[in-house]
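Read off the chains here:
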Amino acid sequence: MSVHKEVKRITTHTVQEMKTRGEKIAMLTAYDYSMAAVVDASGMDIILVGDSASNVMAGHETTLPITLDQMIYHASAVVRAAKRALVVVDLPFGTYQGNSKEALNSAIRIMKESGAHAVKLEGGIEIAESVSRILTAGIPVMGHLGLTPQSIYKFGTYTVRAKEDAEAAKLKEDALKLQELGCFGIVLEKIPAQLAKEVSESLLIPTIGIGAGQHCDGQVLVIHDMLGINKGFKPRFLRQYANLYDTMNGAIENYVSDVKGREFPNEKEQY
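Here's what I pulled together on the structure shown here. Because the structure is predicted, anything quoted here is derived from the model rather than measured.

Right, let's get into the pattern of salt bridges. Pairing is possible between side chains that carry opposite charge, provided their charged atoms lie close to one another. Applying the stated criterion across every chain, the model contains 13 salt bridges. When the shortest N-O distance is used, the salt bridge between aspartate 246 and lysine 231 registers 3.5 Å. In this pair, aspartate 246 is assigned in helix H11 (residues 244–260) and lysine 231 in the loop between helix H10 (223–226) and H11, connecting sequence segments 15 residues apart. What you see here is one network of salt bridges that share partners, running through Asp69, Arg109 and Glu113.

Another point: helix H2 (residues 33–41). Within H2, burial applies to Ala36, Val39 and Asp40. Angular distribution of buried residues about the axis of H2 spans 95°; they occupy a single face of the element. Across from the buried face of H2, at angles greater than 90 degrees, the exposed residues are Ser34, Val38 and Ala41. Those residues of H2 that are buried are in contact with strand S1 (25–29), strand S2 (46–49), helix H4 (68–81) and H10. N-cap assignment for H2: the residue whose side-chain oxygen lies 3.1 Å from the backbone N of serine 34 is aspartate 32.

Next up on the list: the environment of glutamate 167. By secondary structure assignment, the location of glutamate 167 is in helix H8 (residues 165–181). Separated by 45 residues in sequence, glutamate 167 and glutamate 122 have C-alpha atoms that sit 16 Å apart. The residues touching glutamate 167, leaving out its near neighbours within four places in the chain, are Arg161 and Ala162. Side-chain polar atoms of glutamate 167 contact the backbone nitrogen of alanine 162, separated by 3.3 Å.

Another point: the nonpolar core. In this structure, Val119, Leu121, Ile134 and Leu188 are the most contacted members of the largest nonpolar core, which totals 74 residues. A total of seven residues in this core trace back to one element, the largest contributor, which is H4. Discounting residues that sit within four places of it in the chain, leucine 121 has contacts with Leu91, Tyr96, Ile127, Ser130, Val131, Ile134, Val141, Met142, Gly143 and His144.

Moving on: the packing of helix H5 (residues 100–114) against helix H6 (residues 128–136). The geometry of H5 relative to H6 is characterised by a closest axis approach of 8 Å and an angle of 45° between their N-to-C directions. With respect to H6, the element H5 is oriented oblique. As H5 runs across H6, the sense of the crossing is right-handed. Contacts between H5 and H6 involve Ser100, Lys101, Ala103, Leu104 and Ala107 on the former and, on the latter, Glu129, Ser130, Arg133 and Ile134. Within the contact of H5 with H6, the residues separate by chemical class into four nonpolar, two polar and three charged.

Together, Met248, Ile252, Tyr255, Val256, Val259 and Phe264 line one region of the surface with nonpolar side chains, adding up to about 550 Å² of accessible area. Looking at the element boundaries, tyrosine 255 is found in helix H11.

Once that is clear, we can look at the pairing of strand S8 (residues 218–221). Looking at chain direction, S1 and S8 are connected through four bridges and run parallel. Following the sheet pairing, alanine 26 is matched in S8 by glutamine 219. Across two bridges, strand S7 (residues 207–210) lies against S8 in parallel orientation. Bridged to glycine 209 within S8 is glutamine 219.

Attention now moves to H4. Residues separated by three or four positions in an α-helix point in the same direction, a consequence of the helix having 3.6 residues per turn. With 14 residues, H4 extends 20 Å from end C-alpha to end C-alpha; this agrees with the ideal 20 Å at 1.5 Å per step. Most of H4 is tucked away: 10 of the 14 residues are buried. Buried residues along H4 sit against H2, S2, helix H3 (53–56), strand S3 (86–90) and H5.

Next up on the list: the side chain of threonine 29. If you trace the backbone, threonine 29 turns up in strand S1. A polar contact of 3.1 Å, which involves the side chain of threonine 29, links it to the side chain of tyrosine 31.

This part is about the side chain of aspartate 51. Here aspartate 51 is to be found in the loop between S2 and H3. Look at aspartate 51: it is buried, it has no salt bridge, and the nearest opposite charge is lysine 120 at 5.7 Å. Polar contacts involving the side chain of aspartate 51 include one to the side chain of glutamine 150, which spans 2.7 Å. Apart from residues lying up to four places away in sequence, aspartate 51 is in contact with Thr63, Ile66, Met71, Asp90, Glu122 and Gln150.

One closed barrel accounts for eight strands, arranged S1-S2-S3-S4-S5-S6-S7-S8; its pairing is parallel. Neighbour to neighbour, the strand axes of the sheet diverge by 25° on average, direction disregarded. Both S1 and S2 contribute to a ladder of three bridges, which runs parallel. When the sheet's bridge partners are listed, threonine 29 is paired in S2 with leucine 48. Contacts between H8 and the sheet are confined to strand S5 (141–146) and strand S6 (185–189), with S5 contributing the most and set at about 175° to the helix.

What counts, and at which threshold
- Residues numbered from 1 in each chain as written.
- Predicted model: local features only at pLDDT ≥ 70, side-chain atom pairs only at ≥ 80, totals over all residues.
- Heavy atoms only, no water.
- Salt bridge = Lys/Arg side-chain N within 4 Å of Asp/Glu carboxyl O.
- Helix = DSSP H or I, 4+ residues; strand = E, 2+ residues; numbered from the N terminus.
- Buried < 20%, exposed > 50% of the residue type's maximum accessible area, 1.4 Å probe, protein only.
- Arc of directions from axis to C-beta.
- Contact = heavy atoms within 4.5 Å.
- Polar contact = N/O pair within 3.5 Å; in protein donor to acceptor, adjacent residues only side chain to side chain.
- Core = buried A, V, L, I, M, F, W, Y, C linked by side-chain atoms within 4.5 Å.
- Axes fitted to C-alpha atoms, helices over the stretch in contact; angles between N-to-C directions.
- Parallel < 35°, antiparallel > 145°, perpendicular 65-115°, else oblique.
- Left-handed = near helix turned anticlockwise from the far one by under 90°.
- Nonpolar A, V, L, I, M, F, W, Y, C, P; charged D, E, K, R; others polar.
- Patch = residues over 30% accessible without salt bridge, like charges linked within 9 Å, V, L, I, M, F, W, Y side chains within 5 Å.
- Areas by Shrake-Rupley, 256 points an atom, 1.4 Å probe, with all protein chains shown as cover.
- Pairing = 2+ DSSP bridges.
- Expected span 1.5 Å × (residues − 1).
- Lys, Arg positive; Asp, Glu negative; His and termini not counted.

Spelled out as C-alpha coordinates, the structure:
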(Lines give C-alpha, C1' and ligand atoms only; values in the text may rest on other atoms or scores of the structure.)
Protein backbone atom coordinates (compact mmCIF):
# COMPACT_ATOMS: atom_id res chain seq x y z
CA MET A 1 0.00 0.00 0.00
CA SER A 2 1.42 3.37 -1.03
CA VAL A 3 1.50 6.21 1.48
CA HIS A 4 0.73 9.69 0.16
CA LYS A 5 2.60 12.36 2.07
CA GLU A 6 0.76 15.66 2.08
CA VAL A 7 2.85 18.66 1.10
CA LYS A 8 2.42 21.60 3.46
CA ARG A 9 1.92 24.90 1.64
CA ILE A 10 4.21 27.80 2.52
CA THR A 11 2.18 30.87 3.52
CA THR A 12 2.94 34.45 4.53
CA HIS A 13 2.58 33.24 8.12
CA THR A 14 5.21 30.55 7.44
CA VAL A 15 7.80 33.04 6.19
CA GLN A 16 7.15 35.26 9.20
CA GLU A 17 7.80 32.29 11.47
CA MET A 18 11.00 31.58 9.54
CA LYS A 19 12.28 35.09 10.27
CA THR A 20 11.34 34.75 13.94
CA ARG A 21 13.33 31.54 14.38
CA GLY A 22 16.23 32.70 12.21
CA GLU A 23 15.70 30.30 9.30
CA LYS A 24 16.77 31.74 5.96
CA ILE A 25 14.13 32.06 3.22
CA ALA A 26 14.89 30.76 -0.29
CA MET A 27 13.21 32.55 -3.19
CA LEU A 28 13.69 32.09 -6.93
CA THR A 29 11.89 33.25 -10.06
CA ALA A 30 9.93 31.06 -12.46
CA TYR A 31 7.72 31.96 -15.40
CA ASP A 32 6.35 28.68 -16.83
CA TYR A 33 4.86 25.38 -15.68
CA SER A 34 7.80 23.06 -16.37
CA MET A 35 10.44 25.23 -14.71
CA ALA A 36 8.16 26.04 -11.76
CA ALA A 37 7.53 22.32 -11.17
CA VAL A 38 11.28 21.72 -10.85
CA VAL A 39 11.77 24.75 -8.60
CA ASP A 40 8.87 23.77 -6.35
CA ALA A 41 10.02 20.15 -6.03
CA SER A 42 13.47 21.38 -4.99
CA GLY A 43 12.12 22.78 -1.71
CA MET A 44 11.80 26.44 -2.66
CA ASP A 45 9.99 28.60 -0.10
CA ILE A 46 8.82 31.38 -2.43
CA ILE A 47 8.50 31.46 -6.21
CA LEU A 48 8.51 34.95 -7.67
CA VAL A 49 6.78 35.43 -10.99
CA GLY A 50 8.86 38.51 -11.68
CA ASP A 51 8.36 41.19 -14.28
CA SER A 52 11.89 40.11 -15.21
CA ALA A 53 9.93 37.85 -17.58
CA SER A 54 10.02 40.94 -19.79
CA ASN A 55 13.79 40.44 -20.07
CA VAL A 56 14.41 36.70 -19.94
CA MET A 57 11.23 35.42 -21.61
CA ALA A 58 10.40 38.21 -24.09
CA GLY A 59 13.83 39.72 -24.77
CA HIS A 60 13.04 43.29 -23.80
CA GLU A 61 15.82 45.56 -22.53
CA THR A 62 13.82 46.59 -19.44
CA THR A 63 10.92 45.31 -17.35
CA LEU A 64 8.64 48.16 -18.45
CA PRO A 65 6.99 46.65 -21.57
CA ILE A 66 5.40 43.59 -19.93
CA THR A 67 1.62 43.85 -19.51
CA LEU A 68 -0.78 42.77 -16.79
CA ASP A 69 -2.29 40.16 -19.11
CA GLN A 70 1.15 38.72 -19.78
CA MET A 71 1.98 38.59 -16.06
CA ILE A 72 -1.30 36.77 -15.42
CA TYR A 73 -0.43 34.27 -18.17
CA HIS A 74 2.97 33.50 -16.64
CA ALA A 75 1.58 33.42 -13.09
CA SER A 76 -1.21 31.01 -14.02
CA ALA A 77 1.31 28.52 -15.41
CA VAL A 78 3.50 28.76 -12.30
CA VAL A 79 0.58 28.37 -9.88
CA ARG A 80 -0.51 25.16 -11.63
CA ALA A 81 2.94 23.70 -10.91
CA ALA A 82 3.55 24.97 -7.37
CA LYS A 83 2.39 22.49 -4.72
CA ARG A 84 4.47 23.85 -1.82
CA ALA A 85 5.93 27.28 -2.54
CA LEU A 86 4.27 30.62 -1.89
CA VAL A 87 3.72 32.24 -5.30
CA VAL A 88 4.28 36.01 -5.43
CA VAL A 89 3.56 37.97 -8.61
CA ASP A 90 4.95 41.37 -9.64
CA LEU A 91 2.47 44.08 -10.50
CA PRO A 92 3.90 45.42 -13.78
CA PHE A 93 4.80 49.02 -14.51
CA GLY A 94 1.79 51.28 -14.98
CA THR A 95 -0.72 49.15 -13.09
CA TYR A 96 -0.40 50.70 -9.63
CA GLN A 97 1.66 53.89 -9.61
CA GLY A 98 -0.41 56.98 -8.90
CA ASN A 99 -3.83 55.33 -8.94
CA SER A 100 -4.79 53.22 -5.96
CA LYS A 101 -8.08 52.10 -7.55
CA GLU A 102 -6.24 50.78 -10.59
CA ALA A 103 -3.71 49.16 -8.26
CA LEU A 104 -6.49 47.30 -6.44
CA ASN A 105 -8.13 46.21 -9.69
CA SER A 106 -4.78 44.97 -11.02
CA ALA A 107 -4.06 42.99 -7.86
CA ILE A 108 -7.55 41.49 -7.86
CA ARG A 109 -7.13 40.37 -11.46
CA ILE A 110 -3.85 38.65 -10.65
CA MET A 111 -5.30 36.86 -7.63
CA LYS A 112 -8.55 35.80 -9.33
CA GLU A 113 -7.23 34.89 -12.77
CA SER A 114 -3.91 33.26 -11.84
CA GLY A 115 -4.59 31.84 -8.38
CA ALA A 116 -1.43 33.46 -7.00
CA HIS A 117 -0.92 33.98 -3.27
CA ALA A 118 0.48 37.54 -3.11
CA VAL A 119 1.62 40.51 -5.18
CA LYS A 120 4.81 42.58 -5.14
CA LEU A 121 5.11 46.34 -5.74
CA GLU A 122 8.17 48.54 -6.19
CA GLY A 123 8.48 51.72 -4.13
CA GLY A 124 7.99 53.18 -0.68
CA ILE A 125 5.96 56.04 0.76
CA GLU A 126 5.00 57.26 -2.71
CA ILE A 127 2.93 54.10 -3.34
CA ALA A 128 1.55 53.85 0.22
CA GLU A 129 -2.02 54.51 -0.89
CA SER A 130 -1.90 51.71 -3.46
CA VAL A 131 -0.36 49.27 -0.97
CA SER A 132 -2.96 50.14 1.66
CA ARG A 133 -5.87 49.74 -0.74
CA ILE A 134 -4.68 46.34 -1.95
CA LEU A 135 -4.21 45.16 1.63
CA THR A 136 -7.75 46.23 2.58
CA ALA A 137 -8.99 43.68 0.04
CA GLY A 138 -7.16 40.92 1.92
CA ILE A 139 -4.42 40.55 -0.68
CA PRO A 140 -0.92 40.00 0.77
CA VAL A 141 1.67 42.51 -0.44
CA MET A 142 5.45 42.24 -0.62
CA GLY A 143 7.41 45.48 -0.96
CA HIS A 144 10.53 46.17 -3.03
CA LEU A 145 13.11 48.85 -2.20
CA GLY A 146 16.61 49.84 -3.32
CA LEU A 147 17.21 49.33 -7.01
CA THR A 148 13.70 49.24 -8.46
CA PRO A 149 14.01 48.19 -12.13
CA GLN A 150 10.70 49.76 -13.13
CA SER A 151 12.31 53.13 -12.34
CA ILE A 152 15.41 52.50 -14.44
CA TYR A 153 14.90 55.60 -16.59
CA LYS A 154 14.68 57.72 -13.44
CA PHE A 155 17.92 56.26 -12.05
CA GLY A 156 19.62 56.03 -15.45
CA THR A 157 21.77 53.11 -14.28
CA TYR A 158 21.58 49.71 -12.58
CA THR A 159 24.29 50.68 -10.08
CA VAL A 160 24.09 50.16 -6.31
CA ARG A 161 21.45 52.32 -4.63
CA ALA A 162 21.35 54.12 -1.25
CA LYS A 163 25.09 54.63 -0.87
CA GLU A 164 24.52 58.25 0.14
CA ASP A 165 23.13 59.13 3.57
CA ALA A 166 19.97 60.84 2.30
CA GLU A 167 18.88 57.93 0.11
CA ALA A 168 19.77 55.41 2.82
CA ALA A 169 17.67 57.34 5.35
CA LYS A 170 14.71 57.39 2.95
CA LEU A 171 15.04 53.65 2.34
CA LYS A 172 14.91 53.00 6.08
CA GLU A 173 11.86 55.24 6.37
CA ASP A 174 10.19 53.50 3.43
CA ALA A 175 10.85 50.05 4.91
CA LEU A 176 9.25 50.99 8.21
CA LYS A 177 6.30 52.52 6.37
CA LEU A 178 5.72 49.36 4.31
CA GLN A 179 5.81 47.30 7.50
CA GLU A 180 3.39 49.70 9.18
CA LEU A 181 0.98 49.44 6.25
CA GLY A 182 0.96 45.64 6.56
CA CYS A 183 3.38 44.24 3.97
CA PHE A 184 4.48 40.70 4.85
CA GLY A 185 8.01 41.12 3.49
CA ILE A 186 10.32 43.42 1.52
CA VAL A 187 12.80 42.71 -1.28
CA LEU A 188 16.00 44.76 -0.91
CA GLU A 189 17.81 45.02 -4.24
CA LYS A 190 21.40 46.10 -4.82
CA ILE A 191 22.05 48.17 -1.71
CA PRO A 192 25.10 48.18 0.63
CA ALA A 193 25.25 45.10 2.85
CA GLN A 194 25.54 47.15 6.03
CA LEU A 195 22.39 49.11 5.19
CA ALA A 196 20.52 45.88 4.42
CA LYS A 197 21.66 44.52 7.79
CA GLU A 198 20.38 47.60 9.61
CA VAL A 199 17.03 47.48 7.81
CA SER A 200 16.61 43.73 8.37
CA GLU A 201 17.33 44.07 12.08
CA SER A 202 14.94 47.01 12.42
CA LEU A 203 11.98 45.17 10.92
CA LEU A 204 9.69 42.49 12.31
CA ILE A 205 8.86 41.30 8.78
CA PRO A 206 11.40 39.40 6.64
CA THR A 207 13.69 40.97 4.07
CA ILE A 208 14.70 39.18 0.87
CA GLY A 209 17.98 40.32 -0.63
CA ILE A 210 19.33 40.39 -4.16
CA GLY A 211 22.74 42.00 -4.22
CA ALA A 212 22.14 43.18 -0.65
CA GLY A 213 24.50 40.95 1.29
CA GLN A 214 24.23 38.04 3.68
CA HIS A 215 22.29 39.66 6.52
CA CYS A 216 18.88 39.71 4.84
CA ASP A 217 16.36 37.12 6.04
CA GLY A 218 16.34 35.45 2.64
CA GLN A 219 17.73 35.63 -0.89
CA VAL A 220 16.27 35.75 -4.39
CA LEU A 221 17.81 35.33 -7.84
CA VAL A 222 16.49 35.17 -11.39
CA ILE A 223 16.52 31.49 -12.33
CA HIS A 224 17.96 32.06 -15.81
CA ASP A 225 20.90 33.88 -14.21
CA MET A 226 21.73 31.35 -11.49
CA LEU A 227 21.44 28.41 -13.92
CA GLY A 228 23.76 30.07 -16.45
CA ILE A 229 21.17 30.19 -19.23
CA ASN A 230 21.89 33.89 -19.75
CA LYS A 231 25.36 33.94 -21.26
CA GLY A 232 27.56 36.85 -20.21
CA PHE A 233 25.44 38.25 -17.35
CA LYS A 234 27.66 37.94 -14.27
CA PRO A 235 27.22 40.77 -11.75
CA ARG A 236 29.09 40.50 -8.45
CA PHE A 237 26.01 39.39 -6.49
CA LEU A 238 25.25 36.45 -8.79
CA ARG A 239 26.42 32.95 -7.92
CA GLN A 240 26.02 30.76 -11.01
CA TYR A 241 25.09 27.24 -9.94
CA ALA A 242 25.20 25.69 -13.42
CA ASN A 243 26.24 26.46 -16.98
CA LEU A 244 23.12 25.40 -18.85
CA TYR A 245 23.81 27.59 -21.86
CA ASP A 246 26.76 25.42 -22.89
CA THR A 247 25.00 22.18 -21.86
CA MET A 248 21.89 22.99 -23.89
CA ASN A 249 23.86 24.36 -26.82
CA GLY A 250 25.96 21.19 -26.98
CA ALA A 251 22.92 18.93 -26.83
CA ILE A 252 21.12 20.85 -29.58
CA GLU A 253 24.20 20.83 -31.80
CA ASN A 254 24.40 17.04 -31.36
CA TYR A 255 20.72 16.73 -32.33
CA VAL A 256 21.24 18.81 -35.47
CA SER A 257 24.28 16.70 -36.35
CA ASP A 258 22.40 13.43 -35.84
CA VAL A 259 19.46 14.56 -37.99
CA LYS A 260 21.74 15.81 -40.77
CA GLY A 261 23.83 12.63 -40.62
CA ARG A 262 20.74 10.36 -40.67
CA GLU A 263 21.70 9.02 -37.24
CA PHE A 264 18.37 10.06 -35.68
CA PRO A 265 16.00 8.35 -35.53
CA ASN A 266 17.45 4.84 -35.69
CA GLU A 267 15.50 1.57 -36.05
CA LYS A 268 14.87 1.38 -32.27
CA GLU A 269 13.38 4.86 -32.28
CA GLN A 270 10.60 4.22 -34.79
CA TYR A 271 7.33 2.27 -34.93
